[in-house]
Amino acid sequence: MHIDLHTHSNVSDGTDTPTRLVLNARAAGLATVALTDHDTLDGIQEARAAGRRIGIHVVPGVELSAEVDGREVHLLGYGTRLDHRDLNAELTRIRLGRRNRLPAMLDKLARLGVPLTMAEVEAQAGAAGTALGRPHVADALIAKGKVANRQEAFERFLDRNGPAFVPRPAAELTAGIDLLHAAGAAVVLAHPGIRGMDEVLTGELIEMLAREHGLDGIEVDYPLHDASTRDLYHRLGARLDLVRTGSSDYHGTGKVGHDLGCVLTREPAFRELLSRVAARGGVVR
Ligand code: AMP
Ligand code: ZN
Ligand code: FE
Ligand code: FE
């Protein structure tokens, strides 16, 4: 009974349609997969319909962009109700901000000698619509032969410290946790050990989120977490009574090293997560 709780479809910046992602989950031997697109719930209904057809449990999820001290961190909401008004308003605000900063980014790229039009970025959208962001700029650079892959686009131009970076809005961290809880979700701190996020997500801060905002879990096992990082978060999670999850952060062909099911969540942790979703009034099945 293999469980992968962090994946992206082409509704945000993955490359599989939601249906294709669920088919690929079955091919990878998964019994349960959570769809956690960035700042959108738009793929959930399609993915769950596909899951019902082929016998895969699809957990409705979202990866909310949050920030603390001006630094970006990610929250995973599981069992999220799709119709919560305030959550949908916040997701829309963040998606529009993600998109509306692209012209400023294209200006910077033009001044760096790499001109790109908005139409060229939109051509890379997949089903992303208003969820357009840096990955699609990267794809447009690939299409023009300027870079070989998304990784190179981020390293040369788009990373936080890169020459074409433009910030975008996100939810304040504790407000984001509260908002996901209000929509019935159990909230898991995504990949706390990756570069950049580890600097702001101190043990002290995670402890405060657990004690004062009811943070439900922490993503311990993750492709970019080495053994000592995993050990650190396992121990912190145990001390704070957090559900300890593991996941791939699959993006289709959009990210290498994140194959579907390459990192898994243990069954007892998943059962505990579902009981927390039930307690918050979210979508359990
Ligand atoms: P944006 O939301 O527009 O700021 O773009 C951020 C998204 O780009 C992240 O959520 C990742 O999915 C993706 N991303 C960030 N760094 C990389 C990278 N080095 N290679 C591929 N995708 C990346
Ligand atoms: Zn992504
Ligand atoms: Fe993330
Ligand atoms: Fe992700």
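Before any of the text, the structure's been laid out above.
Because the structure is predicted, anything quoted here is derived from the model rather than measured.

Novice: Before we move on, can you summarise the coordination of the iron ion (ligand 4) with the specific residues and values?
Specialist: Every protein donor of the iron ion (ligand 4) is accounted for by His6 (NE2), His8 (NE2), Glu63 (OE) and Asp249 (OD), and the metal-donor separations fall at 2.1 to 2.2 Å. Around the iron ion (ligand 4) sit four donor atoms; with metal-centred angles ranging over 76 to 160°, the donor geometry is irregular. The sequence pattern formed by the donor residues of the iron ion (ligand 4) is H-x1-H-x54-E-x185-D.

Novice: Describe the site of ligand 1, listing the residues and the values that go with them.
Specialist: Every one of the 14 residues lining ligand 1 counts as a neighbour, but Asp13, Arg98, Arg101, Arg134 and Arg168 are closest to it. Here an oxygen atom of ligand 1 sits 2.8 Å away from a polar atom, N or O, in the side chain of Asp13. Here an oxygen atom of ligand 1 and a side-chain polar atom of His251 are 3.3 Å apart. Contact with the protein chains covers 87% of the free accessible surface of ligand 1, which is 500 Å². Within the residue set of the shell around ligand 1, elements represented by two or more residues are helix H6 (134–143) and helix H7 (150–158). With three residues, H7 is the largest single contributor of residues to the shell around ligand 1. Considered class by class, the residues forming the shell around ligand 1 number two nonpolar, five polar and seven charged.

Novice: Give a detailed account of the side chain of His258, specifying residues and quantitative values.
Specialist: The topology assignment puts His258 in the loop between strand S8 (243–246) and helix H12 (267–279). Residue His258 is classed as buried on the basis of its relative accessible area, which comes to 5%. For His258, the side chain forms a polar contact with the main-chain oxygen of Ser248, separated by 2.8 Å.

Novice: Just give me the short version of unusual backbone geometry, but keep the residues and values in it.
Specialist: Unlike most non-glycine residues, His191 shows phi in positive territory, near 25°. Here His191 shows up in the loop between strand S6 (186–189) and helix H9 (197–200). Backbone geometry at Asp241 places phi at a positive 60°, although glycine is not the residue there. Secondary-structure assignment places Asp241 in the loop between helix H11 (227–239) and S8. On the basis of relative accessibility, which here comes to 57%, the residue Asp241 falls in the exposed class.

Novice: Any details on the coordination of the zinc ion (ligand 2)? Residues and values, ideally.
Specialist: Note on the zinc ion (ligand 2): its protein donors are Asp13 (OD), Asp13 (OD), His38 (NE2) and His251 (NE2). The metal-donor distances range over 1.9 to 2.5 Å. Ordering the donors of the zinc ion (ligand 2) by residue number gives the pattern D-x24-H-x212-H.

Novice: Would you mind going over the pattern of salt bridges in detail, with residue names and values included?
Specialist: Pairing is possible between side chains of opposite charge, provided their charged atoms come close. Applying the stated rule across the entire model yields 22 salt bridges. One salt bridge in this structure joins Arg99 and Glu122, with 2.3 Å as the shortest N-O distance. One end of the pair, Arg99, is in helix H3 (residues 85–100); the other, Glu122, is in helix H5 (residues 118–122), and 23 residues separate them in sequence. What makes Glu122 partly exposed here is its relative accessible area of 37%. Two residues, Lys255 and Asp249, come together in a salt bridge whose shortest N-O distance is 3.7 Å. Note on Lys255: relative accessible area 34%, which makes it partly exposed. The network of salt bridges with shared partners includes Asp216, Asp241, Glu272, Arg276 and Arg280.

Novice: Give a detailed account of the pairing of S6, specifying residues and quantitative values.
Specialist: By the alternation rule, side chains of S6 split into Ala186 and Val188 and Val187 and Leu189, which are all buried. In this structure, S6 lies alongside strand S7 (residues 217–221), joined through two bridges in parallel fashion. Counterpart to Leu189 in the pairing with S7 is Ile218.

Thresholds, definitions, all that
- Residues numbered from 1 in each chain as written.
- Chains lettered and ligands numbered in written order.
- Predicted model: local features only at pLDDT ≥ 70, side-chain atom pairs only at ≥ 80, totals over all residues.
- Heavy atoms only, no water.
- Donors = N, O, S within 2.8 Å, 3.2 Å for Na, K, Ca; no water.
- Tetrahedral: all angles 85-135°; square planar, octahedral: opposite > 155°, others 65-115°.
- Near = heavy atom within 4 Å.
- Polar contact = N/O pair within 3.5 Å; in protein donor to acceptor, adjacent residues only side chain to side chain.
- Areas by Shrake-Rupley, 256 points an atom, 1.4 Å probe, with all protein chains shown as cover.
- Helix = DSSP H or I, 4+ residues; strand = E, 2+ residues; numbered from the N terminus.
- Nonpolar A, V, L, I, M, F, W, Y, C, P; charged D, E, K, R; others polar.
- Buried < 20%, exposed > 50% of the residue type's maximum accessible area, 1.4 Å probe, protein only.
- Salt bridge = Lys/Arg side-chain N within 4 Å of Asp/Glu carboxyl O.
- Pairing = 2+ DSSP bridges.

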